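Observations on the three-dimensional arrangement
For reference, the chains in residue letters:
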Amino acid sequence: MNSYTIEFKADLTPSQGYQISFDSMHTGHFMVPDNHTPFKIKPGTYKLTWELEGVIGDRLTGELIIKDRYNNPVSFSPIKINDSIYENNYKIGALAPITFPEQ
């Protein structure tokens, strides 16, 4: 199967939870599972987003580890996420589109 394996390794998480996802018009919406549970994603261009819920000052820090079908890290891995809630109890973050090329 021509796919990439993605795993999120969290260092800190918000008190009420978080969600990380990859969205693509062509291949759909993929939620990244909780800590240390890898999942597979097809080649394509995706928008990486995350949502944090908690209290002001809560943080999400960690790394997305991305490996190719041969289990080798890709050139842009790891992707580090370091974000915090600074107003209200909710925060949305995003990263520029990421392209996973055909392997």
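Residues numbered from 1 in each chain as written. Predicted model: local features only at pLDDT ≥ 70, side-chain atom pairs only at ≥ 80, totals over all residues. Heavy atoms only, no water.

**Things to note about the sheet that holds strand β7 (residues 79-84)**
- The four strands are arranged β4-β1-β6-β7 in an open sheet whose pairing can be described as antiparallel. Strands at the two margins of the open sheet, each flanked by one partner only, are β4 (39-41) and β7. If you compare each strand with its neighbour and ignore which way they point, the axes differ by 30° on average.
- Bridge count between strand β1 (residues 4-12) and β4: three bridges; the pairing is antiparallel. Looking at the pairing, T5 lines up with K40 of β4. (Pairing = 2+ DSSP bridges. Helix = DSSP H or I, 4+ residues; strand = E, 2+ residues; numbered from the N terminus. Axes fitted to C-alpha atoms, helices over the stretch in contact; angles between N-to-C directions.)

**Some words on the nonpolar core**
- Counting 24 residues, the largest nonpolar core has F8, I20, F22 and L64 as the members making the most contacts within it.
- Counting only elements with at least two residues in this core, the list comes to β1, β2 (18-24), β3 (28-32), β4, β5 (44-53), β6 (59-67), β7 and β8 (90-100). (Core = buried A, V, L, I, M, F, W, Y, C linked by side-chain atoms within 4.5 Å. Buried < 20%, exposed > 50% of the residue type's maximum accessible area, 1.4 Å probe, protein only.)

**Side note on the packing of aromatic side chains**
- Across all of its chains, the model carries seven aromatic pairs by this definition.
- Ring geometry for Y46 versus F100: centroids 5.6 Å apart, planes at 75°, classification edge-to-face. Within this pair, whereas Y46 is found in strand β5, its partner F100 is found in strand β8, the two being separated by 54 residues in sequence. When sorted by exposure, Y46 lands in the same class as F100, which is buried.
- The structure contains a cluster of three or more aromatic residues connected by ring pairs, namely Y4, F22, F30, Y46, F76 and F100. (Phe/Tyr/Trp six-rings, centres within 6.5 Å; stacked < 30°, edge-to-face > 60°.)

**Describing the environment of T37**
- Looking at the element boundaries, T37 is found in the loop between β3 and β4.
- For T37 and A94, which are 57 residues apart along the polypeptide, the C-alpha to C-alpha distance reads 21 Å.
- Apart from the residues within four sequence positions on either side, T37 is in contact with I6 and E7. (Contact = heavy atoms within 4.5 Å.)

**Quick word on unusual backbone geometry**
- For the peptide bond that leads from S77 to P78, omega is 5°, which places it in the cis range.
- The residue P78 is located in the loop between β6 and β7 in this model.
- A positive phi is found at N71, a non-glycine position, where the angle reads about 70°.
- Along the chain, N71 falls in the loop between β6 and β7.

The quantities given are spatial measurements derived from coordinates; they are silent on function.
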